[in-house]
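Observations on the model geometry
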Amino acid sequence: MSALPTPPPRLAPVSAGPVPQANRAPSAPSLSCVVPCFNEAANLRHLLPLLESTLEQSGLRWEVIVVDDGSTDATAVVAREWCQLAGFRCLSLSRNFGKEAALSAGLAAARGDAVVLLDGDLQHAPQLILSMVGHWRAGAEVVYAVRENRADEAAFKRWGSHLFYLLMNAASRVPLPEDAGDFRLMDRKVVDALLSLPERSRFMKGLYAWVGFRAVALPYTPAPRAQGRSRFGALRLLHLALDGLTSFTTWPLRLISILGLVMALPALGYGTYLVLDHLVAGNPVPGWTTIVVSLMFFIGIQMLSLGVVGEYVGRIFEEVKGRPLFVVREQSGEGLKETPP
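All residue numbers refer to positions counted from 1 along the written sequence of the respective chain. Predicted model: local features are reported for residues with pLDDT of at least 70 only, side-chain atom pairs are reported and counted for 80 or more only, and whole-chain, interface and lining totals are derived from all residues. Hydrogen atoms and water are omitted, and side-chain values are computed over all heavy atoms in the structure.

1. Some details on helix α6 (residues 188–196)
- When accessible area is computed with a 1.4 Å probe and restricted to protein chains, residues below 20% of their type maximum are described as buried, those above 50% as exposed, and intermediate ones as partly exposed. Secondary structure elements are defined from DSSP: runs of H or I of at least 4 residues count as helices, runs of E of at least 2 residues count as strands, and each element is numbered from the N terminus. If you check which residues of α6 are buried, you get Val190, Val191 and Leu194. With its buried residues spanning 100° around the axis, α6 presents them on a single face.
- Buried positions along α6 lie against α3 (99–109), β4 (114–117), β5 (142–147), β6 (180–187) and α7 (204–211).
- Polar contact is the term for a pair of N or O atoms within 3.5 Å; when the atoms are in protein, one must be able to donate a hydrogen and the other to accept it, and sequence-neighboring residues count only if both atoms are side-chain atoms. For α6, the side-chain oxygen to backbone nitrogen distance between the N-cap and lysine 189 is 3.1 Å, and the N-cap itself is aspartate 187. Regarding the arc, it is the one traced by the directions from the helix axis to the C-beta atoms. Residue contacts are defined here by distance: any two heavy atoms, one from each residue, within 4.5 Å place the two residues in contact.

Here you go:
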């Protein structure tokens, strides 16, 4: 019989530091950290000790919730090792549901008075959590990290990101903060508002903005990814952008209406001219090639229009099925105690 994995050692407390979590009053404010992960075993081994050290400095009662989103590496094994220590929990989803679903699973499991979301690749520095907690204690209900610049990204990605926010904010009644991601702290009332939203196709960046509340932006520069590579390639980012546009704006549908009007008026005018020219001057109706090319062009526009309408119909189809956002295969560890009603 193989021996059980040895739990990672806790960092030695500093004698002059804050009171350790075990000695803090049950009435002290609490903080939950949600870390969605997909194949992040190597990064978790570095991130979790940093998180523990940072949260001990916060003076709050805390818990760390690792959401394993159907990883195929040792992510669940590493998380379960840490779950042998108080304050760490792991949710293993039954398959890969995607980051938006993993975030939702973590929010549903979090019990803290405030909840921090951060990625498991060490690009979101745990040390910033202390600044977020400071703003929260000063009265902010949402503290979100905003990239100071995108100098480390390719020109295509920078251009695409700018275009996405331009399209989102051009027609949406709820402005989306540019260059703000999932790295944020949210008060319990904000988390409860997010969890009350019923939609299944969840674009979290839009939902953060939609629920509102008093928000503070915290500039930061993301660190390079510690291990591995990002799973968000160009196609996946494009899919996420389409999800956002169809979830929070209707301008593609309006654009089709405007395009149809712009194309119909010249066509009507040209048709009237040909009829009058034939009746008045007796010229035969010319343009067999023009008719064929125009017909192909208009058929293409119709197919494109049906595709855009189909995206919205697909969203309706997903919603009416009413399937759960995620399925939890197993849970381990013990975090914060549930607050009695």
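2. Description of unusual backbone geometry
- With phi around 70°, leucine 122 is a residue other than glycine that occupies positive phi space.
- Note on placement: leucine 122 falls in the loop between β4 and α4 (128–137).
- In the Ramachandran plot, phenylalanine 213 falls in the positive-phi region, its phi being about 80° despite a non-glycine side chain.

3. Focus: α4
- Listing the buried residues of α4 in full gives Leu128, Ile129, Met132, Val133 and Trp136. Along the long axis of α4, the arc covered by the buried residues comes to 145°, so they all point the same way.
- Once α4 finishes, glycine 139 follows within two positions and takes phi at roughly 120°, a positive value.

4. Here's the deal with the packing of aromatic side chains
- A pair of aromatic rings is counted whenever rings of Phe, Tyr or Trp (Trp by its six-membered ring) have centres within 6.5 Å, and the orientation is called stacked for planes under 30 degrees apart, edge-to-face for over 60 and tilted otherwise. According to the stated counting rule, one finds 3 aromatic pairs in the structure shown.
- Ring geometry for tryptophan 62 and phenylalanine 88: centres 5.6 Å apart, planes at 80°, overall edge-to-face. Of this pair, tryptophan 62 sits in strand β2 (residues 61–68) while phenylalanine 88 sits in strand β3 (residues 88–93), placing them 26 residues apart in sequence. Accessibility assignment for this pair places tryptophan 62 and phenylalanine 88 in one class, buried.
- Between tryptophan 82 and phenylalanine 88, the ring centres sit 5.0 Å apart and the planes meet at 55°, which makes this aromatic pair tilted.
- Given a relative accessible area of 5%, tryptophan 82 falls into the buried group.
- By relative accessible area, which is 1% here, phenylalanine 88 ends up buried.
- Ring pairs connect the aromatic residues Trp62, Trp82 and Phe88, which therefore count as one cluster.

5. Considering a nonpolar patch on the surface
- In this analysis, a patch consists of residues with relative accessible area above 30% that form no salt bridge, clustered at 9 Å for like charges and at 5 Å for the nonpolar side chains Val, Leu, Ile, Met, Phe, Trp and Tyr. Residue exposure ignores everything except the shown protein chains as possible cover, and the areas themselves are Shrake-Rupley values with a 1.4 Å probe. Any Lys or Arg side-chain nitrogen found within 4 Å of a carboxyl oxygen on Asp or Glu counts as a salt bridge. Nonpolar side chains collect at one region of the surface, where Leu295, Ile299, Met303 and Leu306 lie side by side and expose about 420 Å² of accessible area between them.
- Of note, leucine 295 is situated in helix α10 (residues 288–321).

6. Quick word on the pattern of salt bridges
- Inspection of every chain in the model, using the stated rule, returns 10 salt bridges.
- Of the charged contacts in the structure, one is a salt bridge between aspartate 182 and lysine 99, with a shortest N-O distance of 3.0 Å. In this pair, aspartate 182 is assigned in strand β6 and lysine 99 in helix α3, connecting sequence segments 83 residues apart. Considered together, aspartate 182 and lysine 99 belong to a single accessibility category, that of buried residues.
- Among the ionic contacts, a cluster of salt bridges with common partners joins Lys99, Asp119, Asp182 and Lys205.

7. Section: the packing of helix α1 (residues 41–57) against helix α2 (residues 75–82)
- Interhelical geometry of α1 versus α2 gives an angle of 25° and a closest axis separation of 9 Å. As judged from the angle between their axes, α1 and α2 are roughly parallel. Here α1 and α2 pass one another in a crossing that is right-handed. Contact with α1, carried on its side by Ala41, Leu44, Arg45, Leu48, Pro49 and Glu52, involves Thr75, Val78 and Trp82 of α2 and no other residues of that element.
- Side-chain classes follow a simple rule in which Ala, Val, Leu, Ile, Met, Phe, Trp, Tyr, Cys and Pro form the nonpolar group, Asp, Glu, Lys and Arg form the charged group, and the remainder, Gly included, forms the polar group. Grouping the amino acids of the contact of α1 with α2 by side-chain chemistry returns 6 nonpolar, 1 polar and 2 charged. Here an angle of 0 to 180 degrees is reported between the N-to-C directions of two axes, which are lines fitted to C-alpha atoms, with helices fitted over the stretch in contact. Orientation labels follow simple angle bins: below 35 degrees gives roughly parallel, above 145 gives roughly antiparallel, 65 to 115 gives roughly perpendicular, and whatever is left gives oblique. Left-handed describes a crossing in which the near helix is turned anticlockwise from the far one by less than a right angle; the clockwise case is right-handed.

8. Re the sheet that holds strand β1 (residues 30–37)
- Any two strands between which DSSP finds at least two bridges are classified as paired. Taken together, the 8 strands give an open sheet; going across it, the order is β7-β5-β6-β4-β1-β2-β3-β8, and neighbouring strands pair in mixed fashion. Among the strands making up the open sheet, the edge pair consists of β7 (215–220) and β8 (328–333). Sheet twist, expressed as the average angle between the axes of neighbouring strands with direction ignored, equals 20°.
- Bridge count between β2 and β3: 5 bridges; the pairing is parallel. Bridge pairing in β3 places valine 66 opposite cysteine 90.
- Set on the sheet, α1 makes contact with β1, β2 and β3; between it and β2 the angle comes to about 160°.
- Each of β4, β5 and β6 touches α6; the most contacted strand, β6, lies at about 115° to it.

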